[in-house]
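Below are the chains, spelled out letter by letter.
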Amino acid sequence: MEQLTAADQQKRTDLRKMKVVATSFLVGATVIFFGTHAFEGAWVGYVRAAAEAGMVGALADWFAVTALFRRPLGLPIPHTAIIPTRKNMFGKTLGDFVGVNFLSPEIVQDKLRRAGIAQRAGAWVKQPENAERITTELANVLKGAITVLKDEEVQAVVEHAIVKRVTAKPWGPPLGKLLGQVLTDGAHHKLVDLMCDRAYEWVRDNYDKVSLIVTERAPTWSPKFVDALLGDKVHTELVNFAWAVKTDVNHPMRLAVDQFLLEFSADMQSDEATMQKAEQVKQQVIGHPDVQKLIDSAWGTAKKMLIDAAEDPSSELRRRVTQGLVTLGTNLTDDPELRAKVDGWLEQAAGYVVENYRAEITTLITDTVERWDAEETSRKIELQVGRDLQFIRINGTVVGALAGLVIYTVANALF
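What counts, and at which threshold
- Residues numbered from 1 in each chain as written.
- Predicted model: local features only at pLDDT ≥ 70, side-chain atom pairs only at ≥ 80, totals over all residues.
- Heavy atoms only, no water.
- Helix = DSSP H or I, 4+ residues; strand = E, 2+ residues; numbered from the N terminus.
- Rg over C-alpha atoms; globule rule 2.2 N^0.38 Å.
- Buried < 20%, exposed > 50% of the residue type's maximum accessible area, 1.4 Å probe, protein only.
- Contact = heavy atoms within 4.5 Å.
- Areas by Shrake-Rupley, 256 points an atom, 1.4 Å probe, with all protein chains shown as cover.
- Lys, Arg positive; Asp, Glu negative; His and termini not counted.
- Charge placed at Lys NZ, Arg CZ, Asp CG, Glu CD.
- Axes fitted to C-alpha atoms, helices over the stretch in contact; angles between N-to-C directions.
- Parallel < 35°, antiparallel > 145°, perpendicular 65-115°, else oblique.
- Nonpolar A, V, L, I, M, F, W, Y, C, P; charged D, E, K, R; others polar.
- Phe/Tyr/Trp six-rings, centres within 6.5 Å; stacked < 30°, edge-to-face > 60°.
- Domains from an automatic or database assignment.
- Salt bridge = Lys/Arg side-chain N within 4 Å of Asp/Glu carboxyl O.
- pLDDT = per-residue confidence, 0-100.
- UniProt positions renumbered as here; feature names shortened; annotations may be inferred.

Student: How would you sum up the overall build of the protein chain? Please name residues and give values.
Tutor: For the protein chain, the count of helices and strands is 19 helices and 0 strands. Relative to the 2.2 N^0.38 estimate, which gives 22 Å for 415 residues, the radius of gyration of the protein chain is 46 Å and therefore markedly larger than a compact globule would have. Seen through its C-alpha atoms, the protein chain measures out along the principal axes to roughly 165 × 45 × 40 Å. Counting only residues that meet the buried cut, the protein chain has 29% of its 415 residues in that class. Within the protein chain, counting contacts between residues at least 6 apart in sequence, those at least 24 apart form 71% of the total. Total accessible area on the protein chain stands at roughly 27,700 Å², and carbon and sulfur atoms take up 64% of it. Between the mean site of the 48 positive side-chain charges and the mean site of the 53 negative ones, the protein chain shows a separation of 7 Å.

Right, here's the structure in full:
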């Protein structure tokens, strides 16, 4: 059984009341018409003519209103029950009407242009409370999407789409090219400086270790004091050498390192042996248990980080998103050029959608109407507009009575 809302129940009650009122006009005209036969006098003709015309008008409009929704008295009269029998045609007509008058690119783009969406959106988004609200909704969407995803499926995508794609191509040429660019830009000099500094500090602070190495390497027949003197001399020379390398940017040692790195970067791009060694290193790195463990846990770690960031209102992610939205809103309201660009993008996008998918949009209307039950549709439409249509019956009675009175009066005056 059809379930009606409280508003629909009230509309149904109002419709019944108006039907009673409209019918009472017909009944009143009928009673007056037959009642006049019991009286005599010149005035009776005028009343009878008005009542008779009122009856005709009331019956005609009752028939017209009823014929919209059902067959009057259940009789198979042609061109009645118009809404149930021609529902699909109405749906198609409505779809065509909407497509032509509402979904033309010019109309949609003009409406968007006059609406000033970018200005309004910017003014709303730049308010911190609104930006925070959007961030909260985005966080809920992100958290819901992540929760729905199956961990094993995402992990499989990570391994196949990312890891295997990265490892499928040789590493030597791109790494060699990258290293060559770094060397050309001189970005490696800071790393070399750091290595020279640490080497100098280590030699300077490890006199005992240098002396021990010299002593262990000395012949057994060498006197100890000679070994000590030699160790001291070696340490001093190493410190001086390390200091020279540390302080002189054009030291031969530094130049030799640069030359070695340049040759190595070239070999990684063109030398088969070097490229093969790079591939072996790649396989060793990928096959290392710790690396495999990291790959296997990559999605789980990323998932936890994203969920934690989405749930925490004070997280860096949410704060950055909120601040970004506020900045975007401020730029939209203060920068006319940016605002014009955004409005232009919206107009172009809307025009493209309407131009290319107008038929699909209007089909939504026609298909929806076709799926409606004919009788149910008729009842719903009558529920929405039936009360106003009852005024047609009332007006038909009144106007018919007045027209009959005028005609009768004119006829008596002329004839």
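Student: Would you mind going over unusual backbone geometry in detail, with residue names and values included?
Tutor: We note that L73 has phi near 55 degrees; this positive angle belongs to a residue other than glycine. If you trace the backbone, L73 turns up in the loop between α2 (42-69) and α3 (82-85). Under the relative-accessibility criterion, L73 is labelled exposed at 72%. One non-glycine residue, A81, adopts positive backbone phi at about 50 degrees.

Student: Explain the packing of helix α6 (residues 117-125) against helix α18 (residues 336-371) to me, and be specific about the residues and the numbers.
Tutor: Put simply, α6 and α18 touch, their axes get as near as 8 Å, and they point 120 degrees apart. It follows that α6 is oblique to α18 by the angle criterion. Packed against α6, whose contacting residues are I117, A118 and Q119, the element α18 presents R339, V342, D343 and L346 at the interface. Classifying every residue of the contact of α6 with α18 by side-chain character gives 4 nonpolar, 1 polar and 2 charged.

Student: Report on the packing of aromatic side chains, specifying residues and quantitative values.
Tutor: Each aromatic ring pair is summarised here by two numbers: the centre-to-centre distance and the angle between the ring planes. Tallied over the full model, the rule gives 5 aromatic pairs. A centroid spacing of 5.1 Å and a plane angle of 75 degrees characterise the contact between F33 and F34, whose relative ring orientation is edge-to-face. Relative accessible area serves as the criterion here: at 53%, F34 is assigned to the exposed category. When the centroid spacing of 6.1 Å and the interplanar angle of 15 degrees are considered together, the rings of F260 and F264 count as stacked. Within this pair, F260 and its partner F264 are both found in helix α13 (residues 252-270), separated by 4 residues, close to a single helical turn. On the accessibility criterion, F260 (52% relative accessible area) is exposed. Relative accessible area serves as the criterion here: at 34%, F264 is assigned to the partly exposed category.

Student: Quick rundown of the domain arrangement of the protein chain? Include the residues and the values.
Tutor: Structurally, the protein chain comprises domain 1 (6-80 + 373-414) and domain 2 (151-305). For domain 1 and domain 2, the distance between their C-alpha centroids amounts to 101 Å.

Student: Would you mind going over the pattern of salt bridges in detail, with residue names and values included?
Tutor: Should their charged atoms come close, side chains of opposite charge can pair. Per the counting criterion, the structure on display carries 15 salt bridges. A salt bridge links R254 to D193; the nearest nitrogen and oxygen atoms lie 2.7 Å apart. Pair noted here: R254 is in helix α13 and D193 is in helix α10 (residues 189-205), with a separation of 61 residues, a long-range link. According to the relative accessible area criterion, R254 is buried, its value standing at 7%. For R379, the salt bridge is made with E376, and the minimal N-O distance between the two is 2.6 Å. With R379 and E376 both in helix α19 (residues 374-414) and 3 residues apart, this pair spans about one turn of that helix. Residue class for R379 comes out partly exposed when judged on its relative accessible area of 40%.

Student: Any chance you could break down the environment of T333 for me, citing the residues and the numbers?
Tutor: Structurally, T333 can be placed in helix α17 (residues 316-334). For the pair T333 and Q119, spaced 214 residues apart in sequence, the C-alpha separation works out to 5.5 Å. Ignoring sequence-local partners within four residues, the contact set of T333 consists of Q119, G122, A123, K126 and R339.

Student: Give a description of the confidence of the model for the protein chain that names residues and reports values.
Tutor: Per-chain confidence: the protein chain averages 83 in pLDDT, with 95% of residues scoring 70 or above. Per-element averaging of pLDDT across the protein chain places helix α8 (residues 151-168) at the bottom with 69 and α17 at the top with 92.

Student: I'd like a rundown of the UniProt feature "transmembrane region" (unreviewed entry) in the protein chain, residues and numbers included.
Tutor: Here the UniProt feature "transmembrane region" (unreviewed entry) sits at residues 20-39 and 391-411. The span residues 20-39 shows a helical share of 80% and a strand share of 0%, and its end C-alpha atoms are spaced 29 Å apart. Strand forms 0% of residues 391-411 and helix 100%; the C-alpha atoms that close the span are 29 Å apart.

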